[in-house]
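# Analysis of the macromolecular model
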Amino acid sequence: AAIRLAKLANRRNIPVVLDVEKERPHIRELIPLANVIITNDAFPSIFLPGKEKLQGMRALLEQGVAHTVISTEGAKGSVLLRRAEV
């Protein structure tokens with residue numbers, strides 16, 4: 001249902017915000033449909049195993065329509081990456 005709704009939102013230019021913490025069924029199909037992706041500290045390295053967090057965040061940013069990826073770091077704050085053309 002989430003993938004269908006995200007596709008509909010994309011067609012209607014409604015922003016899709018995805019909050020992802022771990023691998024779930026179909027999450028890799030949903031990521032390319034999200035305009036903003038919010039992750040916990042660990043997910044970027046789960047998404048791109050064996051790579052640094054920022055590399056994983058860049059990979060998420062390059063997956064589809066996302067213009068912003070935010071990774072939370074608890075009390076330390078968060079890290080934000082944006083596409084240059086935004």
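Residues numbered from 1 in each chain as written. Predicted model: local features only at pLDDT ≥ 70, side-chain atom pairs only at ≥ 80, totals over all residues. Heavy atoms only, no water.

Unusually for a residue other than glycine, Asn13 sits at a positive phi of about 60°. For Asn13, the location among the structural elements is in the loop between α1 (2-11) and β1 (17-20). At His26, a residue that is not glycine, the phi angle is positive and equals roughly 70°. Its place among the elements puts His26 in the loop between β1 and α2 (27-30). (Helix = DSSP H or I, 4+ residues; strand = E, 2+ residues; numbered from the N terminus.)

A few words on the nonpolar core. One finds Leu18, Leu30, Ile31, Ile37 and Leu60 to be the most contacted residues of the largest nonpolar core, which totals 21 residues. When contributions to this core are tallied by element, the ones reaching two or more residues are α1, β1, α2, α3 (43-47) and α4 (53-61). In terms of residues, this core owes the most to one element, α4, which gives four residues. Each residue touching Ile37, except ones within four places of it in the same chain, is listed here: Leu18, Val20, Ile31, Leu60, Ala66, Thr68, Val69 and Ile70. (Core = buried A, V, L, I, M, F, W, Y, C linked by side-chain atoms within 4.5 Å. Buried < 20%, exposed > 50% of the residue type's maximum accessible area, 1.4 Å probe, protein only. Contact = heavy atoms within 4.5 Å.)

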